[in-house]
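Residue-level structural notes
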Amino acid sequence: MDYSEATERISRKFKKSGNEINREKVEGKLRRLIEEFGVQPAEAERSVSNELAKEFNIPPASPQGSSGTGSATGQKAIADVCPGDWVTLEGKVVSLAPPASPAIAQSGIVADESGAIRFVVWAKSNAPKIKEGAWYRIESAVVDEYKNIPNLKVHSGTTIKEIDKTDPLIPSPLPVKDLRPGIGSVRAKVIQEWDVTHDRMLQSGIVGDETGTIKFIIWKEQGKEKLAVGSVYSIFYAQVDEFNERLSLNLTSATIMQEEGDIATITGGDAEIRGAIVHIAPGSGIIKRCPVEGCNRALSRQNYCPIHEIQPNFVYDLRIKGWLDDGERTHNLLLKRDVVEALTGINLDQAKEIAENNPLGMDEVFLQMREKVLGRYVACKGREIENRVLVNSCERMHFESGEHTKLLNRAGGAS
Amino acid sequence: MSAKDTEMGRRDGSFEREPARRVFASELRECRYQFRDGEDEKSPTFVLLPTGERSNRIFLVGTLTEKTRQGEQNIFYRGRVIDPTGTFFIMAGSYQPEAMQQMAKIETPAFVAVTGKPNLYQKPDGSYLVSVRVESITVVDKETRDLWLLDTATRTLDRIDALATSTTPDILKAKEQYPTLDLATHRRMVYDALAQIKI
């Protein structure tokens, strides 16, 4: 392999600051890193450069913003910044969030016409306090990555100046399928609402447009309101998180506006699965839910909610959890109340009646429903999320003589 | 699903349930090879179906014609479930209390749907028996039985076709373990089973 090109690049870089490098030595180092230690060429070049920089006493090379404060050369559009960059940018503070640690003075989201990015102002930076809704010029901030999300860090070397700009900023919504970790805006419909699983959680569920769907979450915070299922919202500056290669939208600090009208949402996710119900799990049948606003957890037999303790004024609900098996794959099913009622023929009132008047109580509802459902062939339509199918409709399958004839021909055909 | 997938599924904590295979009684009766997938004490055991698929669990629907309660201290139930091709031997013991209670309640004869784990035993006289340890059993209607016949016929024909065309490790193993397997006989069995549905 030829290292002269990389050496030439390094040489030119240091010539600018008046330093001459020993080409032979540099080439030898590159060769050793790449051939002996299997280091990627780009990484080797970087590593050798840094070592030389230290030798020559040059501060670490910063691709942008190094030309000093006040210069506009390093200014970038927010959409173009990358982790590792030193940047100067102008943007509007579109949201502020409570700092997560005493080391942080302020945090929030800053946006320009091209996009938006999260920012953090370190307490040590002694930066002036910034206001939501105002435009600022931020010079020599550094961009890093936290949980895969680019983050603009304001440190002691950064200068922040409020600028006289009042341009209204209207972010352009992205199709749901184009969202990437960071900050994003969408126009989407609330498709589903899930049980909240944490007492700090206000709401979670799924939003979607015609290109895709994404999980959303809103944490409890003053002034936050729940979204209505079936309504369309313009969601500006939501945080797009990535976990286990799945994206989700954190709407806690987003600006949300309800829209008139309706939009199409993707239906491709609504797959049909057929098979036999081979297991009904405990916790199926009639259950009691916590009545505390926004909680809705299933209570234990003693009416105990893991968060809100004893709740004598519980709310009854129906659900079935179980496994659907087609002989090749098993699917974990979750049937909601209306689906349970349609499939079992037992509605909530009847189930309540059984639970309150039968010696076995709620167990009797479980047993009766199991007798009606277990071992039956059904066709379910729903959405599969994290190995669980949230079933929207579930119907018993029926014998089709056409299928029978086809199979007779198939079996008899070759004999 | 390959064995590797299953193992990986376990390692990262996301449990993957073994699917319940669809197999006629006369095929299950011919199983002679049982193996454990992995070294672990809790590794699942499989019987290898003659048509070349491993099975840790089966789902069957047929007529429960007989059930007997056995044992003094450790009570268990045995039963016979008939399909158009033969008999499944099922049992539920004190380790499956739910299944045992369900079985105790059922009056024979009845159409039943059974989910359970097949186990291969060699009797003292050297002959083999495949018995199904019941996980759940419920009384169902004739339509469910007919749907199962169609389902099992489809799956069995799929396996017969795959045996001729594909070479998964399980298929190769089956060819080694069941050298006398006659595909035409199995095809015939499927046809006869289907023919029992009266229209």
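Definitions and limits used
- Residues numbered from 1 in each chain as written.
- Chains lettered and ligands numbered in written order.
- Predicted model: local features only at pLDDT ≥ 70, side-chain atom pairs only at ≥ 80, totals over all residues.
- Heavy atoms only, no water.
- Helix = DSSP H or I, 4+ residues; strand = E, 2+ residues; numbered from the N terminus.
- Buried < 20%, exposed > 50% of the residue type's maximum accessible area, 1.4 Å probe, protein only.
- Contact = heavy atoms within 4.5 Å.
- Areas by Shrake-Rupley, 256 points an atom, 1.4 Å probe, with all protein chains shown as cover.
- Buried area = accessible area lost by both parts, 1.4 Å probe.
- Salt bridge = Lys/Arg side-chain N within 4 Å of Asp/Glu carboxyl O.
- Polar contact = N/O pair within 3.5 Å; in protein donor to acceptor, adjacent residues only side chain to side chain.
- Core = buried A, V, L, I, M, F, W, Y, C linked by side-chain atoms within 4.5 Å.
- Phe/Tyr/Trp six-rings, centres within 6.5 Å; stacked < 30°, edge-to-face > 60°.
- Lys NZ or Arg CZ within 6 Å of the ring centre and 35° of its normal.
- pLDDT = per-residue confidence, 0-100.

1. Here's the deal with the overall build of chain B
Secondary structure assignment for chain B yields six helices and nine strands. Per-residue burial for chain B yields a buried fraction of 50% across its 199 residues. For chain B, the proportion of contacts with a sequence separation of at least 24, taken over those separated by at least 6, is 62%. Accessible area for chain B stands at about 9900 Å²; split by element, carbon and sulfur atoms hold 49% of it.

2. Some details on the overall build of chain A
Counting its secondary structure elements, chain A contains seven helices and 20 strands. Here chain A, with 415 residues, has 44% of them falling under the buried criterion. Just so you have it, chain A exposes about 21800 Å², and 49% of that area is on carbon and sulfur atoms.

3. Notes on the interface of chain A and chain B
A common way to report how large an interface is uses the accessible area buried once the components associate. Residue-level contacts link 31 residues of chain A with 39 residues of chain B. Here chain A packs against chain B, burying approximately 3200 Å² in sum over the two surfaces, 55% of which is carbon and sulfur. It is Tyr377(A), Phe399(A) and Arg410(A) that lose the most area in chain A upon contact with chain B, and together they represent 22% of the buried surface on that side. Taken together, the connections running from chain A to chain B amount to seven salt bridges. For Glu328(A), the salt bridge identified is with Arg21(B), shortest N-O distance 3.9 Å. Where chain A touches chain B, the interface holds 16 residue pairs in polar contact (both at pLDDT 80 or more).

4. Brief notes about the nonpolar core
In terms of nonpolar packing, the biggest core is built from 57 residues, with Leu28(B), Phe59(B), Phe88(B), Ile90(B) and Trp148(B) touching the most fellow members. Considering each element in turn, this core owes the most residues, six residues, to helix α4 (residues 142-165) of chain B. In contact with Phe59(B), not counting residues within four places along its chain, are Ala276(A), Val278(A), Gly375(A), Tyr377(A), Ala20(B), Arg21(B), Arg22(B), Ala113(B), Val114(B), Thr115(B) and Trp148(B).

5. Examining the packing of aromatic side chains
A complete count under the given rule lists seven aromatic pairs over all chains for this structure. Measuring from centroid to centroid gives 5.6 Å for Phe35(B) and Phe46(B), while their planes differ by 25°, and the two rings are stacked. Here Phe35(B), found in strand β2 (residues 34-36), pairs with Phe46(B), found in strand β3 (residues 45-48); they are 11 residues apart in sequence, far enough to count as distant. Clustering of aromatic rings is evident, with ring pairs tying together Phe24(B), Phe88(B) and Trp148(B). It is Arg200(A) that lies over the ring of Trp219(A); its NZ or CZ is 5.3 Å from the centre. Positioned over the ring face of Phe46(B) is Arg54(B), at 5.0 Å from the centre of the ring.

6. Here's the deal with the confidence of the model for chain A
Low pLDDT marks stretches whose predicted atomic positions should not be read closely. All names here are of chain A. Summing up the model confidence of chain A, the mean pLDDT is 85 and the portion of residues at 70 or higher is 93%. Confidence scores differ between elements of chain A, with helix α3 (residues 41-55) showing the lowest mean pLDDT of 80 and helix α6 (residues 362-373) the highest of 96. Here residues 61-73 is a poorly scored stretch, pLDDT under 50, and it has 14 contacts once near neighbours within four places are set aside; other chains count.

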